[in-house]
Structures are given as structure tokens and as C-alpha cells.
Amino acid sequence: MEIKVTGGAVLDHESDLAVLAVCEDASLPQSVAGLIEPKDFNGKMKKALLLYPGSAASPRRLLLIGMGKPDKVRAETLREVAAVAIKEARNLQADAFSFGFLDQPGLDAEKTGQALAEGFEMGAYRYLPYKTELKDEEKFSVSDVTVYSKDEKKTGTGLAAGQIIGRGVAFARDLVNGPGGKVTPAFLGEEAEALGRNLGLNVTVLGPDQLVKQGFGGILAVGSASVNEPRFIVMEYGKASEKWPTVCLVGKGLTFDSGGLNIKPAEAMEMMKSDMGGSATVFGAMQAIAELKLPLHAVGIVSAAENMPGSKAYRPGDVVKSLSGKTIEILNTDAEGRVILSDGLFYAQRYKPDAIIEFSTLTGAMIIALGAHASGVMATDQTLADRLIAAGEESGERVWQLPLWEEYHEMVKSEIADLKNLGGRAAGSITAGAFLAAFVGDYPFAHVDIAGTGWLDKPNKSYQEKGGQGVGVRLVVEMLNNFKK
Ligand code: BES
Ligand code: ZN
Ligand code: ZN
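Cut-offs and rules
Residues numbered from 1 in each chain as written. Chains lettered and ligands numbered in written order. Predicted model: local features only at pLDDT ≥ 70, side-chain atom pairs only at ≥ 80, totals over all residues. Heavy atoms only, no water. Helix = DSSP H or I, 4+ residues; strand = E, 2+ residues; numbered from the N terminus. Buried < 20%, exposed > 50% of the residue type's maximum accessible area, 1.4 Å probe, protein only. Contact = heavy atoms within 4.5 Å. Areas by Shrake-Rupley, 256 points an atom, 1.4 Å probe, with all protein chains shown as cover. Lys, Arg positive; Asp, Glu negative; His and termini not counted. Charge placed at Lys NZ, Arg CZ, Asp CG, Glu CD. Pairing = 2+ DSSP bridges. Near = heavy atom within 4 Å. Polar contact = N/O pair within 3.5 Å; in protein donor to acceptor, adjacent residues only side chain to side chain. Nonpolar A, V, L, I, M, F, W, Y, C, P; charged D, E, K, R; others polar. Donors = N, O, S within 2.8 Å, 3.2 Å for Na, K, Ca; no water. Phe/Tyr/Trp six-rings, centres within 6.5 Å; stacked < 30°, edge-to-face > 60°. Lys NZ or Arg CZ within 6 Å of the ring centre and 35° of its normal. Tetrahedral: all angles 85-135°; square planar, octahedral: opposite > 155°, others 65-115°. Axes fitted to C-alpha atoms, helices over the stretch in contact; angles between N-to-C directions. 1 Å grid on protein atoms, 1.4 Å probe; cavity = no way out; pocket = protein on both sides within 12 Å on 5 of 7 lines; lining within 4 Å. Points joined across faces, edges and corners; volume = space filled by probe spheres on them.

Undergrad: Talk me through the overall build of the protein chain; I want residue IDs and the actual numbers.
TA: Helix and strand counts for the protein chain stand at 16 helices and 19 strands. Overall size of the protein chain, expressed as C-alpha extent along the three principal axes, is 80 × 50 × 45 Å. The buried share of the protein chain, taken over its 485 residues, is 56%. Long-range contacts, defined here as pairs at least 24 residues apart, represent 77% of the contacts in the protein chain between residues at least 6 apart. Surface accessibility of the protein chain: about 19900 Å² in total, with carbon and sulfur atoms responsible for 50%. Seen as two clouds, the 51 positive and the 61 negative side-chain charges of the protein chain have centres 1 Å apart.

Listed below in C-alpha cells is the structure:
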């Protein structure tokens, strides 16, 4: 899809389809107001009305979309409105449309452009590779959007950035939606190598032999029963420098989580191809960071394995030695994410990072706590947590902080090993976070639990679809845009 910017007003220019975004109770220009009954359209958020203006305005078809109250318009409003626009255009089989505001919102023009492009890209997303019969609307996609703006330059800059971010989200969604039998650890390794080739990232993929040699005990234990052997993946963008920060992004890449010997019941296993959602965030974010050429050193680290039962499986009662040398008593093989992440997080320390931000579909307890409306964040450094919270508000990917007090760290200490992988039912998400914090040394660390946000059975926003969300990509890019050493 091509997204362009131009000056002027959308109603004055000829087009097959023009979309006009209108706030609640705004007075429409006479040419448009004359075409409708006032009751037909009130500008309420996401309400749409299609008009055929004839000679009253230049566009052949005019779609009004409501943006709600003018003082409530945020970047998130624009993402949703843009997604409604693209979906309506698709239903109208318009392969090109123009988009403009009746009154440009009071937001910065660059932010406006970015939010619109994110909304267009995310709203256009569908996952159809396995459908052998497509409906007409599934065969059709919009190829051109022209945005009318008073500030072409800034809007254009924002549109270009938003499109890169939106494509990063789509990349992450594709990985999450891909079946576990296709998106294996080896497949993730190949995706990393392709990113390396296309964007000049320095990529390392370690397979089982190297993992054994170098002592990645956590990843090896979790992946031991699967024919889809584990991988450890590192994607490096830029170089360490005094001028900019080094940030490690670490992701849980459980390409399928059956629970292992502590096997999950059928309903809980159904969507466990999505247990690599944290790694998808890292992939999508690394792609966007490189395409945006952000001034920083970013290292994407993915621990990838498949958790299966079988005679080679790791068992409850086993003690695993992680890359750090610390020992982990396994009490439940379904609490495997923290076990593979222990290796990835310890590995991150070698970059002496200014921040380690880790994403994982780590605990079912997170879904109980926050549902789908925020990811949970736990951090060893309050400045880092505050940065993520602020970026969450701005990017529309909210995070909510949970504490990591000393008492929680006590709850994951083992009697026979250094740590145990189960802290009990109470505070299940926090004890998982406390476990992870044992592997990051003194580096500022934030753990983002996306169990409730990474996959949706029912979308909440117009830019979402059922399935993988690519959550965290917008959050990371927003945070890193403002991250100075
Ligand atoms: N991958 C799951 C967590 C999860 C559950 C993510 C539902 C998304 C949706 C994780 O590996 C897991 O199974 N966690 C267990 C931990 C328990 C055994 C301590 C859980 O949450 O039940
Ligand atoms: Zn599990
Ligand atoms: Zn899992």
C-alpha cells in the first residue's frame, strides 16, 4: 500500500472515494450538510455514513467517519479512524481513496501522520495464506491512500514512520498467526537471517550443538523432547557508542507450548502457537528500528524452543543449570518461559546494556489480572518502568506496573537449587517476573508480560483482528524514540 500526502482540502479534489473525518457536533460545509438529514450523522466515534454528492463536491463517493468529541481526539483515535477508513474502502472495493479532516485535530502534524499510517497498515492486516477460497472482500486490497494536510512536510514524515511501524506490527502478527508446525525455532532462525540480509543486521543463530557447547541449559531442557530443535537467536543493529544507548530486547520464542509433561488441557493448548509472541515483538521491533534508522545500538535476543512431552522431556523434579551457572529446580514443566528466558537474559549482560526489555506470554495469571487492555510490566529500575508507561500511553499499547518487592524474590528460592520455576498460585505473574530478574545482574531491566494482549479471540479496536496482535512493537519504537543515554 502506498500512502502519500498532499496539500489542500479533500472535498475540493476529484477522487473516486474521499474519506472525511469529522468530530462530534461539527458543522458540516453546506455542500455536505445539504445532502443529509442532521440526524443521519452525528460525528460519534467510528460512526460512518456514505454519500454520493453528485455535483455538490468533487469526490464521486464521500464517506464521513466520526471522530467523537474534539477535546478527546488522541493519536489512538486517529489509528482507529484510519482503520475504519481502510476497512470501509475495502468493502467499497475502492483501490485508492483520499483522506482528510474537516478540522485538523490539535495534535502535532507528525504524530497525526504517524498514527494515521499505523491505523491504515494495521487496519489493512489480514491473515489469509491458508484459505483456499477467498471471499470478494478478501481478494481485494487498497493500494493507494492520499492524506490531505495543512502541513505536508511534517505529516509526510509521520506517515513514513507510521508505515514502517505498521509493517513491523504486521510482521509480528504473521509470525504469531503462523501455525506451530511451520513457525518452528529453526523457522525463526531463518527469519532472523533474512532480516540480517535485508536490513544489514548482524545475526547469529545457535543450534543444539552450540547450545550444548556453550551451556544454554535452560533452552536445551525445555526443547529436549521436540524434533523441532531449539535455537538461540541474536540480531544486532548498530554498534555500542558513547553517543547513544545500548538496548537489549529479549523475547520468549515458545513456538508451541503443550505444557510438556505437565500437559495443558485442550482448551488451554488451542492457541499455544502464540507462545512465541514475545519473540514476534522483538522481530517486529528490530525490523522497524532498522528501517527507521534510530540512533541507538539495539540487540534483539530470542530464546526459541518447542515445549513437548515425551521420554526425552525435562521433568518436574529435574534441576537445570542455566547459562548463568545458576541452578533451577523444575517443579512444573509448563512454567517453561522463565526457564528459556534465563539464558537469554543472562546473555544480554555481555552487551553492558543501558536497558534490557523483555517480552513474553509468560503467565495465565496476567490475563486474570489485566485482561486484554494492558500488558503487565515489572521492572528493577523505576525510570525504565516510567519510560515504558509513558510510551504505552502515547503508542496506545498500555502497560500497567506490578511490584517486584524483595518478598517476591524470596518466593522463587529453592531448597535444593538456587531457584525454582514455580512460586505458587499467589502473585503468579510477579513471582515469574522476580525469577527473571535473577538473571540480569544490575542492568536496568523491565519484563513485559503480554499473555493477555498478544493474542485476542475477540478484537476490541478497529485496527485489531482475531489472533496475533504484534503487541509491543509500537510501544518499543515509541520508547526508543525518546531514549537518550
Ligand atoms: N505460555 C503460558 C502462559 C499463557 C497462558 C500465555 C495463556 C498465554 C495464554 C505459560 O508457559 C504457562 O503455561 N504458564 C503457567 C505457569 C504455571 C504453571 C506456574 C500458567 O500461567 O498457568
Ligand atoms: Zn507453559
Ligand atoms: Zn509458555
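Undergrad: So what's going on with the pairing of strand β5 (residues 96-101)? Which residues, and what values?
TA: Judged by how many residues are buried, β5 sits mostly within the fold: five of six residues are covered. Sheet analysis places β5 next to strand β6 (residues 144-148), joined by four bridges and oriented parallel. Each residue of the ladder has a partner; that of F99, found in β6, is V147.

Undergrad: Could you give me a rundown of the site of ligand 1, with the residues and numbers involved?
TA: The immediate surroundings of ligand 1 are formed by 16 residues, with K264, D275, D334, E336 and G364 found nearest. E336 has a polar side-chain atom sitting 2.9 Å from an oxygen atom of ligand 1. For ligand 1, a nitrogen atom lies 3.4 Å from a polar atom in the backbone of T361. If ligand 1 stood free it would expose 510 Å²; the protein chains cover 79% of that surface. Elements represented by at least two residues in the shell around ligand 1 include exactly β9 (246-257) and α12 (364-370). Split into classes, the residues belonging to the shell around ligand 1 amount to five nonpolar, four polar and seven charged.

Undergrad: Explain the side chain of Q469 to me, using residue names and the numbers behind them.
TA: Note that Q469 resides in the loop between β19 (467-468) and α16 (473-481). By relative accessible area, Q469 is classed as buried at 6%. A polar contact is formed between the side chain of Q469 and the backbone oxygen of E465, at a distance of 2.8 Å. Setting aside residues up to four positions removed in sequence, Q469 forms contacts with V169, R173, T453, G454, W455, L456 and Q464.

Undergrad: How would you explain the coordination of the zinc ion (ligand 2) if you had to name every residue and give the values?
TA: Expected angles at a metal are 109.5 degrees for tetrahedral coordination by four donors and either 90 or 180 degrees for octahedral coordination by six donors. Every protein donor of the zinc ion (ligand 2) is listed here as D257 (OD), D334 (O), D334 (OD) and E336 (OE), and their distances to the metal cover 2.0 to 2.2 Å. Mapping the donors of the zinc ion (ligand 2) onto the primary sequence gives the spacing D-x76-D-x1-E. The zinc ion (ligand 3) is placed at 3.2 Å from the zinc ion (ligand 2), the two being bridged by D257. A residue pair is termed long-range when its members are at least 10 positions apart, and D257 in strand β9 and E336 in the loop between β12 (327-329) and α11 (337-348) qualify at 79 residues. Assessed through its relative accessible area of 0%, E336 is described here as buried.

Undergrad: Provide a residue-level description of the packing of aromatic side chains, including the pertinent values.
TA: Summed over the entire model, instances satisfying the criterion amount to eleven aromatic pairs. Taking 5.4 Å as the distance between ring centres and 90° as the angle between the ring planes, the aromatic pair formed by F99 and F101 counts as edge-to-face. Given the relative accessible area of 0%, F99 is considered buried. Both rings, one in F232 and one in Y347, keep their centres 4.7 Å apart while their planes meet at 65°; by these two values the pair is edge-to-face. Residue F232 is found in strand β8 (residues 231-237), and its partner Y347 is found in helix α11; the two are separated by 115 residues along the sequence. Considered together, F232 and Y347 belong to a single accessibility category, that of buried residues. A cation over an aromatic ring shows up here: R387 above the ring of F483, its NZ or CZ 4.2 Å from the ring centre.

Undergrad: Any details on the coordination of the zinc ion (ligand 3)? Residues and values, ideally.
TA: Binding of the zinc ion (ligand 3) to the protein goes through K252 (NZ), D257 (OD), D275 (OD) and E336 (OE), at separations of 2.0 to 2.4 Å. Of note is the zinc ion (ligand 3), whose six donor atoms meet at the metal with angles of 76 to 174° in an arrangement that counts as octahedral. Expressed as a motif, the donor residue spacing for the zinc ion (ligand 3) is K-x4-D-x17-D-x60-E. On the basis of relative accessibility, which here comes to 3%, the residue D257 falls in the buried class.

Undergrad: Can you explain the sheet that holds strand β15 (residues 399-401)? Please cite residues and give values.
TA: On the basis of which strands lie adjacent, the open sheet formed by eight strands has the order β7-β8-β10-β9-β13-β17-β14-β15 and mixed pairing. Edge positions in the sheet fall to β7 (202-206) and β15, since each of these pairs with one other strand and no more. Here the average twist between neighbouring strands, direction ignored, is 20°. On the sheet, helix α6 (residues 185-199) packs against β7, β8, β9 and β10 (297-307) and is oriented at approximately 15° with respect to β8. Its contacts with the sheet put helix α15 (residues 428-437) on β13 (355-360), β14 (375-379) and β17 (445-449), and the angle it makes with β17 is roughly 145°.

Undergrad: Can you tell me about the layout of surface pockets, naming the residues and giving the values?
TA: Approximately 1100 Å³ is the volume found for the largest pocket. In terms of lining residues, the largest pocket is bounded by 40 residues, among which K264, T363, G364, A365 and I367 are the most central. Put simply, the parts of the chain that give the lining of the largest pocket at least two residues each are β9, α9 (266-269), α12, α15 and β18 (455-456). Ranked by residue count, the leading element in the lining of the largest pocket is α12, at four residues. Its residues assigned to classes, the lining of the largest pocket comprises 14 nonpolar, 13 polar and 13 charged. Along the wall of the second largest pocket there are 24 residues; nearest its centre are E76, G396, E397, R398 and K461. Contributing elements (two or more residues each) for the lining of the second largest pocket: α2 (75-91) and α13 (382-395).

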